Amino acid sequence: MAIKIGNKTCAVALITLILLTEVSLLVPLKSLCAQNNKFNIINVIYRSSSGSMKIYPGSKRVSLKIEAMYTGNETAKSVTGCLKTVQGIEISSGSGSCAPAKSLNDSMTLGVNKGDHVTFDYYLDILKSLNPDTYNLELNITYRINSTLFYEEHTISIEISPYPEIDLRVI
């Protein structure tokens, strides 16, 4: 579960987090208020189920791969990315909105060190009723350093293309 910490106060966000999750009070949560991101988004790749780099209204099982680089000095553990979509873009059946960080060779990562690149992978369904446009999704990255939980928020843009024109002229 991800809670947006932005314009709202940290106190309200922390209370909500404690009430809605099973996070124990043994984990220091004060770091959730810090907005000092240690993951930089390097690349966002999305492809249709046929492998095309263009996705259209009605596309199913669109592969979304987000690459991020860690810039922190201490090892980050339990790195997870949770994706919040917008109306008309849904997480595909059999996929999930939260994904563990993977190394570039597609293996699970136990710890992420300074300079490491990781990916977060998702599958999306685009509703037929969605208008072609650029849409912003929210990626929430959580991780632990020692016993402290950190939280970051990143904006990911994807473009839904209009259907190509079909030329019906007879030659």
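Each remark here, short or long, concerns the structure printed above.
As the structure is a prediction and not an experimental result, all values here were calculated from the model.

Rules used throughout
- Residues numbered from 1 in each chain as written.
- Predicted model: local features only at pLDDT ≥ 70, side-chain atom pairs only at ≥ 80, totals over all residues.
- Heavy atoms only, no water.
- Core = buried A, V, L, I, M, F, W, Y, C linked by side-chain atoms within 4.5 Å.
- Buried < 20%, exposed > 50% of the residue type's maximum accessible area, 1.4 Å probe, protein only.
- Helix = DSSP H or I, 4+ residues; strand = E, 2+ residues; numbered from the N terminus.
- Contact = heavy atoms within 4.5 Å.
- Disulfide = S-S within 2.5 Å.
- Salt bridge = Lys/Arg side-chain N within 4 Å of Asp/Glu carboxyl O.
- Phe/Tyr/Trp six-rings, centres within 6.5 Å; stacked < 30°, edge-to-face > 60°.
- Lys NZ or Arg CZ within 6 Å of the ring centre and 35° of its normal.

Chemist: Could you give an account of the nonpolar core, with specific residues and numbers?
Modeler: Counting residues in hydrophobic clusters, the biggest one holds 31 residues, and the most contacted among them are Phe39, Leu64, Val79, Phe120 and Ile158. When residues of this core are traced back to their parent elements, those giving at least two are β1 (39-47), β2 (62-70), β3 (76-84), β8 (117-126), β9 (133-145) and β10 (148-160). When residues of this core are assigned to their parent elements, the largest contribution, six residues, is made by β9. The contact partners of Phe39, leaving out residues within four places of it in the chain, are Ala68, Met69, Tyr70, Val79, Val112, Val118, Ile141, Tyr143, Glu152 and His154.

Chemist: Give a detailed account of the state of the cysteines, specifying residues and quantitative values.
Modeler: Inspection of the entire model under this criterion finds one disulfide. A sulfur-sulfur separation of 2.0 Å characterises the disulfide bridge that pairs Cys82 with Cys98. The disulfide joining Cys82 to Cys98 has a torsion of about 110 degrees about its S-S bond and is therefore right-handed. Linking Cys82 in strand β3 with Cys98 in strand β5 (residues 98-100), this pair joins segments that are 16 residues apart in sequence. A residue is classified by how much of its surface remains accessible, and Cys98, at 38% relative accessible area, is partly exposed.

Chemist: Hey, could you go over the pattern of salt bridges for me, with residue numbers and the actual values?
Modeler: Applying the stated criterion across every chain yields a total of two salt bridges. The closest approach of N and O atoms between Asp121 and Lys65, which form a salt bridge, is 3.3 Å. Taken as a pair, Asp121 in strand β8 and Lys65 in strand β2 lie far apart in primary sequence, 56 residues in all. Residue Asp121 is classed as partly exposed on the basis of its relative accessible area of 23%. Residues Asp106 and Lys102 are paired through a salt bridge, measuring 3.7 Å at the closest nitrogen-oxygen approach.

Chemist: Now, about the packing of aromatic side chains: what can you tell me, with residues and values included?
Modeler: Overall, the coordinates contain five aromatic pairs when judged by the stated rule. Ring centres of Phe39 and Tyr70 lie 4.9 Å apart, and the angle between their planes is 45 degrees; on these two criteria the pair is classed as tilted. Of the two residues, Phe39 sits in strand β1 while Tyr70 sits in strand β2, which places them 31 residues apart along the sequence. Summarising the aromatic geometry, the rings of Tyr70 and Tyr143 are spaced 6.2 Å apart at their centres and angled 75 degrees between planes, so their arrangement reads as edge-to-face. Of this pair, Tyr70 sits in strand β2 while Tyr143 sits in strand β9, and the two are 73 residues apart along the sequence. Among the residues examined, Tyr70 registers a relative accessible area of 0% and is labelled buried. Under the relative-accessibility criterion, Tyr143 is labelled buried at 1%. Cluster of aromatic residues (ring-pair linked, three or more members): Phe39, Tyr70, Tyr143 and Phe150. One residue, Lys38, lies across the ring of Phe150, its end atom 5.4 Å from the ring centre. The ring of Tyr123 has Arg61 sitting right over it, with the charged end atom 4.2 Å from the ring centre.

Geometric descriptors of this kind do not, in isolation, establish any biological role.
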